[in-house]
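# Structural description and commentary
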Amino acid sequence: MMKNVEGGDFELGFMRFEEGDFPSQTTFMYDDLPYGSSQDLEKRADYYCTKFLFNSGIDLEVKKRERLTISGREVLAIHMEGQNHVTKEKARSKVYLVKKGNRIVSFVCTQWRPLKASYSQDPFDHFEAFVQSFKFVKKDFYENFEEEMKKAGL
């Protein structure tokens with residue numbers, strides 16, 4: 001479990017400290033309540049990109065946004081990179097915003113490096129394989145609730 005510094009929320013994730021000077025690390029995370037409230041992927045992504053890594057001082061730039069379908073679900077993949085020249089660090093992230101019923105969940109991979117260090121593609125390849133193969137085993141509370149509301153005509 002990882003605690004989100006900005007909101008105090010807990011997410012399921014993994015952190016790997018890597019060789020090299022601080023901050024050489026990569027995080028993988030699943031968040032069932034990513035920033036924002038819009039059910040529209042594009043609008044949610046717009047808001048998400050204004051909040052993501054905000055407290056780190058990283059000046060993020062969206063490098064690419066792409067619409068995908070993964071396991072039959074609508075997905076918006078966002079590639080971001082940025083730097084903080086004061087702390088002499090940089091970050092590269094790939095975020096998947098995934099439609100799950102009327103909700104949106106996210107999968108996030110972020111790699112931190114000193115400004116002069118290079119990124120490693122290997123963790124992103126593992127993350128990509130994980131997301132592409134991920135299956136939700138059963139419906140969550142919200143999906144069941146939505147079904148019941150439809151059955152009731154609400």
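All of the points below concern the structure found in this document. (Residues numbered from 1 in each chain as written. Predicted model: local features only at pLDDT ≥ 70, side-chain atom pairs only at ≥ 80, totals over all residues. Heavy atoms only, no water.)

## A short note on a nonpolar patch on the surface
A surface patch of nonpolar side chains, amounting to about 560 Å² of accessible area, comprises F141, Y142, F145, M149 and L154. Inspection of the secondary structure assignment puts M149 in helix α3 (residues 141–151). (Patch = residues over 30% accessible without salt bridge, like charges linked within 9 Å, V, L, I, M, F, W, Y side chains within 5 Å. Areas by Shrake-Rupley, 256 points an atom, 1.4 Å probe, with all protein chains shown as cover. Salt bridge = Lys/Arg side-chain N within 4 Å of Asp/Glu carboxyl O. Helix = DSSP H or I, 4+ residues; strand = E, 2+ residues; numbered from the N terminus.)

## Details of α3
Residues three or four positions apart in an α-helix share a direction because the helix packs 3.6 residues into each turn. By the N-cap criterion, in which a side-chain oxygen at the helix start approaches the backbone nitrogen of a residue two or three places on, α3 is capped by D140, the distance to Y142 being 3.1 Å. G153 occupies a position one or two residues after α3 and carries a positive phi of about 80°. (Polar contact = N/O pair within 3.5 Å; in protein donor to acceptor, adjacent residues only side chain to side chain.)

## Examining the nonpolar core
Judged by nonpolar contacts, the single largest core of 17 residues is most densely connected at Y48, F52, I78, M80, V95 and L97. For this core, the elements supplying multiple residues, two or more each, are α1 (41–51), β5 (73–84), β6 (89–100) and β7 (103–114). Top contributing element to this core by residue count: α1, with four residues. Dropping the residues within four chain positions of it, M80 is found in contact with Y48, C49, F52, L60, E61, V62, K63, A91, R92, S93 and V95. (Core = buried A, V, L, I, M, F, W, Y, C linked by side-chain atoms within 4.5 Å. Buried < 20%, exposed > 50% of the residue type's maximum accessible area, 1.4 Å probe, protein only. Contact = heavy atoms within 4.5 Å.)

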